[in-house]
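Descriptive analysis of the structure
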Amino acid sequence: MVMPDVLVLGEILVELSSTEPLDAGTNLTLNFSGDALNAAAASAAAGARTALLARVPDDELGDRLLDRVVALGIDTTLVRRVKGQHGLYLQHADPSGAREFTYVRRGSAGSGLGPGDVPLDLVSEVGAVLASGIACAISPLSAKAVRVAAQHSKCFVYDPNWRPRLVSAAGAADHLRAVAPYTRLITPGWPREAQLVADIDDPATACTTLRSLGIQAVALTRGENGILLDDAGRLTEVPVIPAPAVVDQTGAGDSFAGTVTARLALGDDLLTAVRLGVAAASLSVGGLGGTGHVPTLAQTQAHAATTEVSA
């Protein structure tokens, strides 16, 4: 395989989406999603050669899944085909952001990803590695895979992506602490994810606390208040960009993380990468599902040009 710029590891999910409340007779749209795939799609769209490290069931639906991954411009060389069941979720989304998720993923093939699946030589050479707290939470094996990848990466990006149904706050905090010393950038949401390691009510202080764990930089996502970027103690406010259309907010955070990781791997400074990440996330909500709309780099750059930042 050609050496990728970005390696994303995690679980790919079957996605069944509707704009109607979930009930008998609801019309559903089949697609494929999950935080790892959403982020990898954004990374590829942002210009990075992107590879996905995952386990996918060796069946007909798995074939369709990989067709979709390839169509999104992602390298599947490191995707292992294995026996087992798909993880899936059903979701109802509306433009206001109110979402209803039902997951069926316990014991999925994807959760069997382990440290033995991590190609250490490639991880140490790739421009950047991206993983999330979901990959850590779905199984102890998968958590070990993330830690091994973080330890060997020269630029590791971590999205806490805390899901209380998968892991407790204490467990999510443990996963965060385990990868913190190897992390170039973390992208927690305020306040819940930023407070995993300390009950702090000030965003800037929360960033300082996270960096004290060994993390180099924090991009604190605060909804309509934008991003507070703490790069080694230098604080910058990055405002949100209004979305041209809002259909479904699923995957916006993944789009942000994937875009930022791609641009870091390609040599952008962190502030530039974060601004592009904000723009990509804003555009991504215009489609249904996690990869319903993946903006091109040109679209993202044009959207980013409409904002200014302030220190």
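**Concerning the overall build of the chain**
Scanning the chain from N- to C-terminus turns up ten helices and 14 strands. Computed over C-alpha atoms, the radius of gyration of the chain comes to 18 Å, within 12% of the 19 Å expected from 2.2 N^0.38 for 311 residues, which places it in the range of a compact globule. Counting across all 311 residues of the chain, residues that qualify as buried make up 54%. In the form shown here, the chain has an accessible surface area of approximately 12,500 Å², with 51% of it arising from carbon and sulfur atoms. For the chain, the centre of its 23 positive side-chain charges and the centre of its 32 negative side-chain charges are spaced 5 Å apart.

**Regarding helix 6 (residues 169-179)**
Those residues of helix 6 lying buried are Gly171, Ala172, Ala173, His175, Leu176 and Val179. Tucked into the core, helix 6 has its buried residues touching helix 4 (133-137), helix 5 (140-152), strand 10 (156-159), strand 11 (183-186) and helix 7 (203-211).

**Comments concerning the packing of aromatic side chains**
Applying the stated criterion to the full structure yields one aromatic pair. Judged by centre distance (6.2 Å) and plane angle (25°), the ring pair of Phe156 and Tyr158 falls under stacked.

**Structural notes on the nonpolar core**
Residues Leu52, Ile74 and Val274 are the most contacted members of the largest nonpolar core, which totals 46 residues. Residue assignment for this core shows that the elements contributing at least two residues are strand 1 (6-9), helix 1 (35-45), strand 4 (50-57), helix 2 (60-71), strand 12 (217-221), strand 13 (227-231), helix 8 (252-265) and helix 9 (270-284). Leave out the neighbours within four places in its chain, and Val274 touches Ile227, Leu229, Val238, Phe256 and Val260. Leu53, Val167, Val218 and Leu228 belong to the second largest nonpolar core, which has 42 residues in total.

**Topic: helix 10 (residues 297-304)**
Taken residue by residue, helix 10 has Thr300, His303 and Ala304 as its buried positions. Angular distribution of buried residues about the axis of helix 10 spans 100°; they occupy a single face of the element. The elements touched by buried residues of helix 10 are helix 9.

**Considering the pattern of salt bridges**
Here the structure, examined in full by the defined rule, presents twelve salt bridges. One salt bridge connects Arg49 with Asp5, and the closest N-O pair in it is separated by 3.3 Å. On the criterion of sequence distance, the pair formed by Arg49 in the loop between helix 1 and strand 4 and Asp5 in the segment before strand 1 is long-range, its members being 44 residues apart. Residue Asp5 is classed as buried on the basis of its relative accessible area of 12%. Asp230 is paired through a salt bridge with Arg211; the nearest N and O atoms lie 2.9 Å apart. Here Arg211 lies in helix 7 and Asp230 lies in strand 13, a separation of 19 residues in the sequence. Because the salt bridges share partners, they merge into one network encompassing Arg55, Arg80 and Asp117.

**So, the packing of helix 5 against helix 6**
Following both chains from N to C, one finds helix 5 and helix 6 inclined at 25°, their axes separated by 9 Å at the closest point. If you check the angle between helix 5 and helix 6, you find them roughly parallel. Counted together, Ala143, Val146, Arg147 and Ala150 of helix 5 and Asp174, His175, Ala178 and Val179 of helix 6 form the full contact between these two elements. Taken together, the residues that form the contact of helix 5 with helix 6 break down as five nonpolar, one polar and two charged.

**Regarding unusual backbone geometry**
Of note, the amide linkage connecting Trp190 to Pro191 takes the cis form, showing an omega dihedral of 0°. Its identity is not glycine, yet Asn161 carries a phi of approximately 40°, on the positive side. Relative to the elements of secondary structure, Asn161 occurs in the loop between strand 10 and helix 6. When its relative accessible area of 7% is taken as the criterion, Asn161 is described as buried. The backbone of Ala232 shows a phi angle near 55°, a positive value even though the residue is not glycine.

**What about the pairing of strand 9 (residues 128-132)?**
For strand 9, the buried fraction is high: five of the five residues fall into the buried class. Side chains Ala128, Leu130 and Ser132 of strand 9 all project onto a buried face; the interleaved residues Val129 and Ala131 project onto the opposite face, where all are buried too. Relative to strand 9, strand 1 is paired through three bridges, and the arrangement is parallel. By the bridge assignment, Val8 is partnered in strand 9 with Leu130.

Rules of the game
Residues numbered from 1 in each chain as written. Predicted model: local features only at pLDDT ≥ 70, side-chain atom pairs only at ≥ 80, totals over all residues. Heavy atoms only, no water. Helix = DSSP H or I, 4+ residues; strand = E, 2+ residues; numbered from the N terminus. Rg over C-alpha atoms; globule rule 2.2 N^0.38 Å. Buried < 20%, exposed > 50% of the residue type's maximum accessible area, 1.4 Å probe, protein only. Areas by Shrake-Rupley, 256 points an atom, 1.4 Å probe, with all protein chains shown as cover. Lys, Arg positive; Asp, Glu negative; His and termini not counted. Charge placed at Lys NZ, Arg CZ, Asp CG, Glu CD. Contact = heavy atoms within 4.5 Å. Phe/Tyr/Trp six-rings, centres within 6.5 Å; stacked < 30°, edge-to-face > 60°. Core = buried A, V, L, I, M, F, W, Y, C linked by side-chain atoms within 4.5 Å. Arc of directions from axis to C-beta. Salt bridge = Lys/Arg side-chain N within 4 Å of Asp/Glu carboxyl O. Axes fitted to C-alpha atoms, helices over the stretch in contact; angles between N-to-C directions. Parallel < 35°, antiparallel > 145°, perpendicular 65-115°, else oblique. Nonpolar A, V, L, I, M, F, W, Y, C, P; charged D, E, K, R; others polar. Pairing = 2+ DSSP bridges.

Keep in mind that these numbers describe shape and distance, not what the molecule does.
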